[in-house]
Amino acid sequence: MITLREGGAYFIDGERLVGEGDGTVGSYNKEEAKQGTMAYQILQAHNKSDDKSNLNIKFDKLTSHDITFVGILQTARASGLEKFPVPYVLTNCHNSLCAVGGTINEDDHMFGLSCAKKYGGIYVPPHQAVIHQFAREMLAEGGAMILGSDSHTRYGALGTMAVGEGGPEIVKQLLEQTYDIPMPDVVAIYLTGKPEVGVGPQDVALAIIGAVFENGYVNNKVMEFIGPGVENLSVDFRIGVDVMTTETTCLSSIWQTDSAVKDFYQIHGRPDAYRELSPNKVAYYDGVVEVDLSKIKPMIAMPFHPSNVYTIEEVNANLEDILRDVEKKAAVSLDNNDIEFKLTDKIHDGRLYVEQGVIAGCAGGGFENLCDAADILKGKFIGSDAFSLSIYPASQPVMMELVKNGTVATFLEAGATVRTAFCGPCFGAGDVPANRGLSIRHSTRNFPNREGSKVTNGQIASVALMDARSIAATAANKGYLTPATDLDIHFSKPKYYFDKSIYDNRVFNGVGNAKPETPIQFGPNIVDWPKMYPLTEHVLLKVVSMIHDPVTTTDELIPSGETSSYRSNPLGLAEFTLSRKDPAYVGKAKEVHKAEVARIEGNDLFAADDKLEAVYQKLQKSFDVKPEDTEIGSVIYAVKPGDGSAREQAASCQRVLGGLANIAREYATKRYRSNLINWGMLPFVYDGDLVFDKDDYIFVKDIHKAITEKIDEVKAYVVGDDLKEITLRLGALTDHEREIISKGCLINYNRK
């Protein structure tokens, strides 16, 4: 089904893959062949540096949604923003319901509209489109690059290299700065064969994620989709696979394009956006994932990660054993003795029963997914028991066509509900299951509590990811898990007609027509970032949380769902930091910050923290350390933090509470590490034995010198009965990143 090659390979004449060690490739120069990938050509075309190994990228277009754009624009305004230098789209697809906190969600929307007018941007009102569908329909272009403040910013199937990053990277682009990365490795995703009838894009995506996530095969690399199997996939199918590449932890993706992609642009009224893309006659790849599409079966990603994959037939054949294994894995993720997570109680008469199905958003809400699901449900009904089915088309143009061709009527007749374009089910702001409920979803993630349950309130529910077709098959069987391939179904594949007038009549487009005199409309929840201070000569860190899970998601660092409404209010949002993982964190971080505030104000910091006097006495026996030269802050230790969302708040919430650093064995994603850096936090890596614990103090000597003089390894000292020396590494930092950390954050770096 899927094979990972050891070592690299050459792709020759668009036909043959030849392993690096094969004698037949001796005449090819590897460094020259690396320049033959589509990714290399697009990245270098956007590189503003003379150094082809260390890239300074400027993107063609930018995108954000309503739980990221307020913080981004506030940061950019504080840094001297005058107008948007490239098209910047502000969509309103996350807090669309305006259901939490009174006026605050709509206040954010009006803030976005007024900024689009003032700075010359595009504003997409609530319920019109989810961010990525609008980008596919209206922004993508062959050979272009798009940066979005959402981790699922992926438009590679349309020939656009897209990257999802935290908000500060958008700010840099708005200020005409660059996105700085080493030239990434490129891994070929070599597709052969044709999917079986009933197998959909989520099945292919989950199979790939299961093969590459844990071993990090594509981590921070570009996935380049090539091979004869590509032409056997519709563009909607390719899009459905592409959007899920985020869950592999890759940097970006790109696909070879063909006449089907050309037709996509023609249908959407933008034929000039098409560009034929393919590798050169000889292209070298740093790895190869070989995917035989004909062998992919309907898949299910069990709680609590998209990589926890099985075939549905495997689950049905070994139901109790697999569910018990999932329960054991979940105990590690939940790490909460007060919550009992069970799936074995879902076995009814030897079959797995689920209470909810959802097909939604950027992954599931596409035209073809929904038409195929409707074909399966035609003439059937979902029943009147616990099982429910919710459908969210990805945009109003998709909804319009589904109404016209009768698909919506089919869903309604079957007992499903059809909603407007909304990302809520993906992050816990809609369709929250009942306590102990199990939901099957064609959406992007199934992390713990991401569906909206709250462990701290004694609640637990869970999500398994599946393709729309098998969700529909399960719905047709009234909630009993069923792969779509078990049904004898003919898919009608109706033609799609895109109606752009929906956007012409409703979307504000101010590109190239900024009106600086426009007043920005604020609301009481929209608050400026608190003042950040430059890095001192040394830092004294107090460990306020220790997380020993193999991977820590951004959902665990700062929860999604109802907290999203407070992302315009840095201090208000910070109250939720680690609330589902370590509820004591916020209080502990605030206690540490009291001492730092006392230090800044010249007050008695020992009065603010009565343990500090003894700490300083021990330090001063070995070092000439003075409070005025030593910033005090909190630090989190985690094994591998930052998997999942691009949300900058996973870092900024720590920072506004006085966080100065993370210590990790490694960082799950580049984007989380970048968020730490852009908020002035030290991204330490530590691979020694753990000799510190919660509430310990760690003194990092000469950290400012290390930052400014490009020293990677720094000595630190755990303050106990004596001083235990440890070595912390900073890892590769660009000159700009070093200056950002030195000045305390990106706002300080840019402040005029």
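That block above? That's the structure.
Now for a description of the structure that goes with this document. Please read all numbers here as calculations on a predicted model, not as lab measurements.

**Focus on the sheet that holds strand β6 (residues 88-91)**
Reading across from one edge, β9-β8-β5-β6-β7-β25 is the order of the 6 strands in this open sheet, with mixed pairing throughout. Of all the strands in the sheet, just β9 (161-164) and β25 (508-509) have a single pairing partner and so form its edges. Where strand β7 (residues 122-124) lies against β25, 2 bridges are found, and the strand directions are antiparallel. Within the sheet, the bridge partner assigned to isoleucine 122 lies in β25 and is asparagine 509.

**So, the sheet that holds strand β1 (residues 2-4)**
One key point about sheets: their strands pair by backbone hydrogen bonds, in either a parallel or an antiparallel sense. The strand order across the open sheet formed by 5 strands is β1-β15-β11-β12-β13, and the pairing between neighbours is mixed. Bordering the open sheet on either side are β1 and β13 (252-255), each of which pairs with just one other strand. Across the sheet, the axes of successive neighbouring strands diverge by a mean angle of 20°, strand direction being ignored. Relative to strand β12 (residues 222-226), strand β11 (residues 186-192) runs parallel, the two sharing 5 bridges. Bridge assignment links tyrosine 190 to a residue of β12, and that residue is isoleucine 226. Against the sheet, helix α2 (residues 38-45) touches β11, β12 and β13, its axis set at about 130° to β12. Helix α7 (residues 201-212) rests against β1, β11, β12 and β15 (287-292) of the sheet, and its axis sits at about 30° to β1.

**Regarding the pairing of strand β33 (residues 713-719)**
Most of β33 is tucked away: 5 of the 7 residues are buried. In terms of strand pairing, β33 meets strand β34 (residues 723-729) through 7 bridges, oriented antiparallel. Opposite valine 718, over in β34, you have lysine 724 as the bridge partner. Counted between consecutive antiparallel strands, the loop separating β33 from β34 contains 3 residues.

**Examining the nonpolar core**
One finds Phe134, Ile189, Leu191, Ile208, Ile300, Leu377 and Leu389 to be the most contacted residues of the largest nonpolar core, which totals 121 residues. The contacts of phenylalanine 134, once residues within four sequence positions are left out, are Val89, Ile122, Val124, Ala129, Leu139, Tyr503 and Val507. Residues Ala39, Ala116, Val163 and Ile254 belong to the second largest nonpolar core, which totals 51 residues.

**Observations regarding the packing of aromatic side chains**
A full pass over the atoms with the stated rule returns 23 aromatic pairs. In this structure an aromatic cluster arises from ring pairing among Tyr10, Tyr28 and Tyr284. Sitting above the plane of the tyrosine 217 ring, lysine 221 keeps its charged end 5.9 Å from the centroid.

Scoring rules and cut-offs
- Residues numbered from 1 in each chain as written.
- Predicted model: local features only at pLDDT ≥ 70, side-chain atom pairs only at ≥ 80, totals over all residues.
- Heavy atoms only, no water.
- Pairing = 2+ DSSP bridges.
- Helix = DSSP H or I, 4+ residues; strand = E, 2+ residues; numbered from the N terminus.
- Axes fitted to C-alpha atoms, helices over the stretch in contact; angles between N-to-C directions.
- Contact = heavy atoms within 4.5 Å.
- Buried < 20%, exposed > 50% of the residue type's maximum accessible area, 1.4 Å probe, protein only.
- Core = buried A, V, L, I, M, F, W, Y, C linked by side-chain atoms within 4.5 Å.
- Phe/Tyr/Trp six-rings, centres within 6.5 Å; stacked < 30°, edge-to-face > 60°.
- Lys NZ or Arg CZ within 6 Å of the ring centre and 35° of its normal.

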